[in-house]
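Structural overview for review
Here is what each chain is made of, one letter per residue.
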Amino acid sequence: MINKSAITPSIASINQILLYSLLIFTPLAYGSVEIWSVTVMHTLSIAMIFLWILSMILEGRITIHRSPVDLAAIIFLSISCLSALLSVYPYASRIQLYKLINYMALFYFVFYSIRDRGNLLRIVWVLIIFGSTFATAGLVLAGGELTGLKIFSLNHHMISLTFVNHNHFAGYLEIITWLCFGLALASSGAKRILLILLGVYTATAVLFSLSRGGTIGLLAGMFFLLTVLTLSNSRRKTVWLLAGFSMLILLVSTWLGLEPVLKRMWTLEDPMLAGSGRLEIWKSTLNIISDNPWFGTGLGTFKDTFPRYQTENLMRSFIDHAHNDYLELTAETGIIGIISAVLCATALFFNVFKKSAALPDKHLQAIGLGALTGCFSLLVHGITDFNFQIPSNAILFSVCAAIALASANHLPSDKRSGICSFSLNKKWRIPAIISISLLSLIIFVIVISPLLGNIYLKQAKRHINNKDYEFATAAISKAIYLDPGNALHLITMGDVMAARSSDSNNMSEKKSFLIKSLKYYDDAINESPSRSYYYSKKGFILEKLERFKEAEDSYENAIYFAPASAYAHYDLGTFYLKKGSLSSAFKEYQEFLRLDSLYSNIFMVLDEIWEVTQDYDKIKNAMPEIADARNRFATYLFNKGKKQAALTERSYAFSLQPTVMNAVTHLRGLYDAEEYAQALKTGNNYLNKFGNEPSLLIQMADSYEKTGTHEKAISIYQRLIAEKPEDIALHVKLSELYRRSRRMAEAVSTLQAGLQYKADSAELFFNIYICYHGMGISEKALEAIKKAVSLKPLDMSYRYQLGLSYKQMGLYQEAVDTWKKCLEINPEYISCSDAIHEIYEALGI
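Residues numbered from 1 in each chain as written. Predicted model: local features only at pLDDT ≥ 70, side-chain atom pairs only at ≥ 80, totals over all residues. Heavy atoms only, no water.

Before going further, it helps to examine the overall build of the chain. The secondary structure content of the chain amounts to 39 helices and four strands. Residue burial in the chain is summarised as follows: out of 845 residues, 52% are buried. Sequence separation of at least 24 residues holds for 67% of the intrachain contacts in the chain that already meet a minimum separation of 6. For the chain, the exposed surface amounts to about 39,000 Å²; the carbon and sulfur share of it is 60%. (Helix = DSSP H or I, 4+ residues; strand = E, 2+ residues; numbered from the N terminus. Buried < 20%, exposed > 50% of the residue type's maximum accessible area, 1.4 Å probe, protein only. Contact = heavy atoms within 4.5 Å. Areas by Shrake-Rupley, 256 points an atom, 1.4 Å probe, with all protein chains shown as cover.)

Below is the structure:
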C-alpha cells in the first residue's frame, strides 16, 4: 500500500534539491553553453517536471494554477514553433526550441511549486549564498594582487570566472545583487546588514568584471527600484536604504581601486572603442529582419544566416550572436515573435506591480520586487549583449520571474482564482504513471541525442587524424543515426569520403569515394543551405570530378552566402587559376587581399598571384592600403629578390601608419637590403620625429656597425644600458661590439655588470666564456662555461663547448665524459659523437 502522505513530501524535497543543483550547476559549467552541460540541464529539468507531475498523480488530483502570462507565453511558444518549422536550418532551431521549452517549463514549475514562504525563501537564499560566493571567487581570482579585499592592480583583467565572457559573468551577478537587496528589505537587524554587505560585494564584482553593459544594467536596476519605491509610496526609510546601498557600493569600489572600471566606462566616449563593431552587427541584423520580417529565419539560426549579411567592415570576424538579444530574437522569430516576447514581459511586470501593491505581506512584496529588479537589469543589459543566449542566465531569469510572480500572487491554494483542477481515479493512476514515465523517457532520448552524436563525432575526428577511415566512417554513421538533421555530421562524413579518395590508388575507387563525398555534402547543404563553406567543399569535389561548370556555380554560391569571406574568394580564385582564367583569378585574389584583415595567409595568396602575374605595379595596386599588409608584401618581395620594390613598400607602409614599429620595420628592411648609409640617413629622420626610442637606436647601432662606425654603435648601447641596466640583452649586445673591436676586457666588464642584475643568467656566463676563450685565459673560460652548463643543463651547445674547453686544456677524459653526458640527454646531437671519435683517433684508441 502506497503511503501518499510520506511519498509526496519526499518528492517535493527531491525536487528542491534538483532545482538547487540546476541553479548551481549551470553557471559553474561555463554557463552551460556546451553540449554536455546543456544535456545535464535538460536531464535535471525533465526529472523535476516528471517528479512534480508524479506527486500530483499520487495525490489523485492534477492541479494547474493559471498565471497572468499564460496567453502571451502560449503565443510566443507557438510562434517559436512555427518559426522552427519554417527555419533555414531546422536542426539548429530544434535545439534552440528545446532550450526555450526548458526555460518556460522551469518558470511554470517554480511558479506552481512555491506554495509557501518557506520554499520561496529557500530558493532565494540558495541563489544569494551561491552568487555571493561566486562573486568572491571572481574577485579573488581576478589576477590582480590581492591583500585582504583590496585589489591594488587589476591589470585590466575582465573577470569571467567560469563564464566564457565577462559580460555573462556580470549578467548573472546583476540578478543576484538585487535578490540580496530585495531580501534585505524584508529582513532586519544583523540579517539585513549581512544581506546588504553581500549585495554590495556582488555588485562590486559586476563593476570589476569591466562589463560596460553589466554596469549599465546594474544602474538601470537601481533607478528602476528607486522609481518603483517612490511610486508605491514606500516608507522614506526604504528609499534611504536603497540610497545607502548604492553609496556603499560606490565606497567599496573606490576603496578597491575604481580606476580600471572608470577607464572602461570612459571608452563609451569613443565610438571605435565603445561598440562600432556592435553597430555594424546591428545594421547587418536589421538587413536580416528586412528580408525575413514576419517569422524570421528560425530559432538558433543567427550564426548560419549572418555571414550572408555581414558587412565588409567586420571583415573576417566570426559573429555568432547579434550582441542585442532583441534584434537577434527578431531576426530569428520575426516581428511577431518579438512582439509576443514583449507581451510576456509586459504581462509579468504589470501583474507584479498591480498585485504587489495590495500584498499584506511586506516580506513577500520585497522579495518579489528584488527578483523583478534583477530581471529588469538583465533586460536592459540585453540591449548590448546576449545573456539570454546563455542557458545559466536564461534559467536564472526564468526562476526569478517566477519568484516575482509567485510572490505577488501568493495566496493559499483554496483561494487562488482560475484553477484548472480535476481528480484522478485510482484505476487511472497506474496508467498515468506509465504514460508520464514513457513520455519523460522519450523526451530524454530526444534531448540526449545531440550529446551522443557529438561523442561519436569526436571519435570520428580522432580516427580521421590517425587515418583510420573505416573506424571514422563507422563512428560518424552512428552520429548521423543518433543525431539526425545535424549538417555537421554529414559534412564530416563527406570529409571522410574525400580523404579516402585522396589516399586510394585505385582510380575507380577514387571516383566512387568522390561521388559518395559529393552526396554527403549535398545532404548537408539540403539541411543547412546557408553555410558558405559547405559550398566550397562541394565545389572542390566537383572540380575533382571534372564537373567544372557545377564547381564554379558552387564556389559562387559560397561567395553569395558569405560575400565578406576572404577564403570563399580565394577558393574561386584558385579554381580560375587552375582553369587558366588568369584575369578572373587575379580579381578574386584581389578580393581576398581586401577582405582578409588578419593577413595570416597573405604569403599563400601572393604565391598564387605570382603565378598569375609578376608585375609589381599590378600587384601593388591590388594590395589594400593598410600598413600591416604592405609590410608583409614587402617581406614577400624581398624574398623574391625584388629589393627596391620591397624598400618602396616599407616606406609606403610607414606613410600609411607612421608609428615607431613601422619605422623600425623600414630600417630593418634597409639593413637587410644592405643599404646601410640610407638606413642611417632615414634613421636620423625617424629619431628627429620620435625622439631617442630604444628600438630605433638599436636598429641604428646595427647600421653603424656595418658601416664600420663601431664607436657610435657602442655609444648607443652604453646610453641604453645607462637608462635600462637590468636589460641583459643590451649587455650581451654591447659585449659583442667590444669583442669585435678587440676590447675583450671591456666586454667582460660589461657582462659582469649584467650579472649584478641577473646572477643566474646562463647567457651572460656563456658570453664571458667566449671572451676569456678569445683572450686565451683557459681557466677562467672553463669556470664560466661550467657555470653556464649548471644554470642551463639541458642546453647541448653549452655542454659541447664545455667539452671543447676541456679538450683545449688537455683534459681529454673530462671532455669525453662531458660529451657522453650530452649524448645521454640527446643521442641525436652528432657534434658530440664526432668530437669523441676525433679524440679517440688522436689518442689511438
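On to the side chain of Ser-530, then. By the secondary structure assignment, Ser-530 is in the loop between helix H20 (507-527) and helix H21 (532-544). Taking relative accessible area as the criterion, Ser-530 reaches 10% and is therefore assigned buried. Polar side-chain contacts of Ser-530 include one of 3.3 Å to the backbone oxygen of Asp-304. If sequence neighbours within four positions are ignored, Ser-530 has contacts with Val-88, Asp-304, Thr-305 and Phe-561. (Polar contact = N/O pair within 3.5 Å; in protein donor to acceptor, adjacent residues only side chain to side chain.)

Opposite charge on two side chains allows them to pair when their charged atoms are near. Taken as a whole and assessed by the stated rule, the structure comprises 23 salt bridges. In this structure, the salt-bridge partner of Asp-672 is Arg-668, at a minimum N-O distance of 3.8 Å. With a gap of four residues between them, Asp-672 and Arg-668 both fall in helix H29 (residues 660-672), about one helical turn apart. Judged by its relative accessible area of 35%, Asp-672 is partly exposed. Using a relative accessible area of 31% as the deciding quantity, one classes Arg-668 as partly exposed. The shortest N-O distance in the salt bridge between Lys-821 and Glu-824 comes to 3.8 Å. One end of the pair, Lys-821, and the other, Glu-824, are both in helix H38 (residues 812-825), three residues apart, so they sit about a helical turn from each other. (Salt bridge = Lys/Arg side-chain N within 4 Å of Asp/Glu carboxyl O.)

This brings us to the packing of helix H3 (residues 70-85) against helix H14 (residues 325-357). Where H3 meets H14, the closest approach of the two axes is 8 Å, and the angle between their N-to-C directions is 170°. Put simply, H3 runs roughly antiparallel to H14. The residues of H14 that touch H3, namely those facing Ala-72, Ala-73, Ile-75, Phe-76, Ile-79, Ser-80 and Ser-83, are Leu-329, Glu-332, Thr-333, Ile-336, Gly-337, Ser-340, Ala-341, Leu-343 and Cys-344. (Axes fitted to C-alpha atoms, helices over the stretch in contact; angles between N-to-C directions. Parallel < 35°, antiparallel > 145°, perpendicular 65-115°, else oblique.)

Below, the discussion takes up helix H27 (residues 627-639). For H27, built from 13 residues, the straight-helix expectation of 18 Å at 1.5 Å per residue is met to within 8% by its first-to-last C-alpha distance of 19 Å. Looking at the buried residues of H27, the elements they touch are helix H25 (602-612), helix H26 (616-622), helix H28 (643-656) and H29. Of the residues one or two after H27, Gly-641 is the one with positive phi, at around 85°. (Expected span 1.5 Å × (residues − 1).)

The next thing to look at is the environment of Tyr-567. Here Tyr-567 lies in helix H23 (residues 566-579). Along the primary structure Tyr-567 and Tyr-589 are separated by 22 residues, whereas in three dimensions their C-alpha atoms are 9.4 Å apart.

The subject of this paragraph is the packing of aromatic side chains. The relation between two aromatic rings is expressed through the spacing of the ring centres and the mutual angle of the planes. As enumerated under the stated definition, the model contains 40 aromatic pairs in all. When the ring centre of Tyr-309 is taken as reference, the NZ or CZ atom of Arg-308 above it lies at 5.8 Å. Over the aromatic face of Phe-690 sits the side chain of Lys-689, whose NZ or CZ is 5.6 Å from the ring centroid. (Phe/Tyr/Trp six-rings, centres within 6.5 Å; stacked < 30°, edge-to-face > 60°. Lys NZ or Arg CZ within 6 Å of the ring centre and 35° of its normal.)

Let us now look at the nonpolar core. With 113 residues, the main nonpolar core has Val-110, Ile-123, Tyr-172, Leu-173 and Ile-403 as its most contacted residues. Membership of the second largest hydrophobic core comes to 60 residues, among which are Ala-663, Ala-701, Leu-802 and Cys-822. (Core = buried A, V, L, I, M, F, W, Y, C linked by side-chain atoms within 4.5 Å.)

A grouping of Tyr-30, Val-33, Trp-36, Val-40 and Val-164 is seen on the molecular surface, where their side chains present a nonpolar patch of about 460 Å² in accessible area. Positionally, Val-33 belongs in the loop between helix H1 (4-28) and helix H2 (35-59). Residue classification places Val-33 among the partly exposed positions, given a relative accessible area of 38%. (Patch = residues over 30% accessible without salt bridge, like charges linked within 9 Å, V, L, I, M, F, W, Y side chains within 5 Å.)

Here we take up the packing of helix H17 (residues 426-465) against helix H18 (residues 469-482). Angle between the axes and distance between the axes: these two values describe a pair of packed helices. Where H17 contacts H18, the axes come no closer than 8 Å and their chain directions differ by 165°. Comparing the axis directions of H17 and H18 gives the class roughly antiparallel. Seen from above, H17 lies across H18 with left-handed handedness. Facing Ser-449, Leu-452, Gly-453, Tyr-456, Leu-457, Gln-459, Ala-460, His-463 and Ile-464 of H17, the residues of H18 in contact are Tyr-469, Phe-471, Ala-472, Ala-475, Ile-476, Lys-478, Ala-479 and Leu-482. Here the residues of the contact of H17 with H18 sort into 12 nonpolar, four polar and one charged. (Left-handed = near helix turned anticlockwise from the far one by under 90°. Nonpolar A, V, L, I, M, F, W, Y, C, P; charged D, E, K, R; others polar.)

The next thing to look at is the confidence of the model for the chain. Averaged over every residue, the pLDDT of the chain is 85; residues scoring 70 or more account for 89%. With pLDDT under 50 throughout, residues 143-156 is counted as low confidence; its partners more than four residues away or in other chains account for 26 contacts. (pLDDT = per-residue confidence, 0-100.)

As for its placement among the helices and strands, Thr-162 is situated in the loop between strand E3 (150-153) and helix H6 (166-185). There is a polar contact of 2.7 Å between the side chain of Thr-162 and the backbone oxygen of Pro-27. Not counting residues within four places of it along the chain, the set of residues in contact with Thr-162 comprises Pro-27, Leu-28, Tyr-30, Gly-31 and Phe-134.

For Thr-305, the position within the fold is in helix H13 (residues 302-309). Spatially, the C-alpha atom of Thr-305 lies 9.3 Å from that of Tyr-89, the residues being 216 residues apart in sequence. Sequence-distant contacts of Thr-305, that is, excluding residues within four places in its chain, are made with Val-88, Ile-288, Thr-297 and Ser-530.

Let's shift gears to unusual backbone geometry. The phi dihedral of Tyr-30 is positive, around 55°, even though this residue is not glycine. The topology assignment puts Tyr-30 in the loop between H1 and H2. A residue is classified by how much of its surface remains accessible, and Tyr-30, at 45% relative accessible area, is partly exposed. One non-glycine residue, Arg-742, lies in the positive phi region at around 65°. Mapped onto the secondary structure, Arg-742 falls in the loop between helix H33 (728-740) and helix H34 (744-755). Exposure remark for Arg-742: the relative accessible area of 71% places this residue in the exposed category.

Below, the discussion takes up helix H31 (residues 694-706). When the terminal C-alpha atoms of H31 are compared, their 19 Å separation across 13 residues agrees well with the 18 Å that a helix rising 1.5 Å per residue should span. Those residues of H31 that fall on the buried side of the exposure criterion are Leu-696, Leu-697, Gln-699, Met-700, Ala-701, Asp-702, Ser-703, Tyr-704 and Glu-705. Tucked inside the fold, the buried residues of H31 contact H29, helix H30 (676-690), helix H32 (710-723) and H33.

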